Amino acid sequence: MSESKQKQPIDTGSWASDFEALLLLGTEYSGTAKPGDKVLSASSIGKELYFNILQVKHGKLANQKNYGANTTGSIYQLGLDALIAQYAEPGRYTTAERYKLDLGNGWIVSGEYDIIDHKYKIIIDGKVLSDSSYKKVIMNDINHDYNLQVATYNMLEFHKTGNIYSGALHIVNKGGSPSKDNVMKNMELFMHDVDTIKQMFIDRSEKIQFHLDNNTMPTDDDEMCNIFAYGKSNGSANRCLSYCDYNTVCPRYNNNTPYYASSQVKNLEIETPKTEEEYKPVEKFRF
């Protein structure tokens, strides 16, 4: 954690709000991207083209206002980092290093891996998942978002050091149970080679550039976001409302969502934060 983020006074008037603010500060995303920056993250290649264009057009939007599943994952990763720093043999592991690669066409790929085990030459990415996500991930599809993400870290590591690493996931299943033996899994990944994953980024960046130059957005089904991946509530796509940082600026979401649901998202950006009064038990009457 940088010095600027350490030991900052937090005083919201509530111990619970103070503690939540501390967790959000400590898990704030380390990458930065301003609107128009031609930077793709390690996770970009596993997202839809439509989403990528919104990322580039609007930069990194703040998404640390509320505690979410990503916060839990980040706290877990910070715990892994602390354990490695305290107990691991010196020099075996490195954690949280950010690399950048110039694709040669005006675009850059940037990514921060979780853990590298130099003894076994393997990149380990930590994930805290729901039971349904766990079942999908252990299928080990080479084109799954996580497989592509770790393959990207391998590409970045290769172009920096010349070393080729295998990839793995350290998975914690929030819905697992000892009887089903699915609480935790360490799994090596099927991954595309360095040249293939680099070409995938080049192809994706050129598609994004085409739409930026022509001020258009994708229309093909396979290049648009699957906004109903998590169902819908009151006519609103749950993925957009609860899992996407770009819902306030996404034309597709705002053009295909009932007015009250779209307004609900917009209001999240303009409401003045309200501090809830801390609960204080009232002394019981004595008779």
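(A) Spatial organisation of helix α2 (residues 49-58). Burial analysis of α2 places eight of its 10 residues in the buried class, which makes it a mostly covered element. Considering only its buried residues, α2 is in contact with β1 (39-41), α6 (194-214) and α8 (251-255). Trailing α2 by a residue or two, Gly59 shows a phi angle of about 70 degrees, which is positive.

(B) View of the side chain of Ser110. Along the polypeptide, Ser110 turns up in strand β4 (residues 108-112). Classification of Ser110 as buried rests on a relative accessible area of 7%. Within the structure, the side chain of Ser110 is placed 2.9 Å from the side chain of Arg98, a separation counted as a polar contact. Not counting the four nearest positions on each side in its chain, Ser110 is found in contact with Val39, Leu40, Ser41, Ala42, Arg98, Tyr99, Lys100 and Leu156.

(C) The nonpolar core, seen in detail. In this structure, Met155, Leu169 and Phe201 are the most contacted members of the largest nonpolar core, which totals 48 residues. With seven residues, the single largest contributor to this core is helix α5 (residues 145-161). Discounting residues that sit within four places of it in the chain, Leu169 has contacts with Asp125, Lys127, Val137, Tyr146, Val150, Lys185, Asn186, Met187 and Leu189. Within the second largest apolar cluster, six residues are counted, among which are Leu80, Ile122, Ile124 and Ala168.

(D) Spotlight on the pattern of salt bridges. Applying the stated rule across the entire model yields 10 salt bridges. Across the pair Arg92 and Glu89 runs a salt bridge whose closest N-O atoms are separated by 3.7 Å. Residue class for Arg92 comes out buried when judged on its relative accessible area of 16%. Of the residues examined, Glu89 reaches a relative accessible area of 47% and is grouped as partly exposed. Notably, a salt bridge pairs Glu97 with Lys160, separated by 3.7 Å at the nearest N-O pair. Linking Glu97 in the loop between β2 (93-95) and β3 (98-102) with Lys160 in helix α5, this pair joins segments that are 63 residues apart in sequence. With relative accessibility at 30%, the residue Glu97 sits in the partly exposed group. Taking the relative accessible area as the measure of exposure, Lys160 reaches 54% and is therefore exposed. The structure contains a network of salt bridges with shared partners spanning Glu89, Arg92 and Asp117.

(E) Structural view of the sheet that holds strand β6 (residues 122-129). With respect to topology, five strands assemble into an open sheet ordered β2-β5-β6-β7-β8, the strand pairing being mixed. The open sheet has two free edges, formed respectively by β2 and β8 (184-188), since each of these has just one partner strand. When the angles between neighbouring strand axes are averaged without regard to direction, this sheet yields 20 degrees. Looking at chain direction, β6 and strand β7 (residues 166-173) are connected through eight bridges and run parallel. Bridge pairing in β7 links Leu129 to Asn173. The strands touched by helix α3 (residues 69-87) within the sheet are β2, β5 (115-117), β6 and β7, with β6 carrying the most contacts at an inclination of about 140 degrees.

(F) Representation of the packing of α2 against α6 within the structure. Put simply, α2 and α6 touch, their axes get as near as 10 Å, and they point 65 degrees apart. Comparing their axes, α6 and α2 come out roughly perpendicular. Like other packed secondary-structure pairs, α2 and α6 cross with a definite hand, here right-handed. The segment α2 lies against α6, with Leu49, Asn52, Ile53, Val56 and Lys57 engaging Arg204, Lys207, Ile208, His211 and Leu212. Of the residues in the contact of α2 with α6, the class split is five nonpolar, two polar and three charged.

Cut-offs used in this document
- Residues numbered from 1 in each chain as written.
- Predicted model: local features only at pLDDT ≥ 70, side-chain atom pairs only at ≥ 80, totals over all residues.
- Heavy atoms only, no water.
- Buried < 20%, exposed > 50% of the residue type's maximum accessible area, 1.4 Å probe, protein only.
- Helix = DSSP H or I, 4+ residues; strand = E, 2+ residues; numbered from the N terminus.
- Contact = heavy atoms within 4.5 Å.
- Polar contact = N/O pair within 3.5 Å; in protein donor to acceptor, adjacent residues only side chain to side chain.
- Core = buried A, V, L, I, M, F, W, Y, C linked by side-chain atoms within 4.5 Å.
- Salt bridge = Lys/Arg side-chain N within 4 Å of Asp/Glu carboxyl O.
- Pairing = 2+ DSSP bridges.
- Axes fitted to C-alpha atoms, helices over the stretch in contact; angles between N-to-C directions.
- Parallel < 35°, antiparallel > 145°, perpendicular 65-115°, else oblique.
- Left-handed = near helix turned anticlockwise from the far one by under 90°.
- Nonpolar A, V, L, I, M, F, W, Y, C, P; charged D, E, K, R; others polar.

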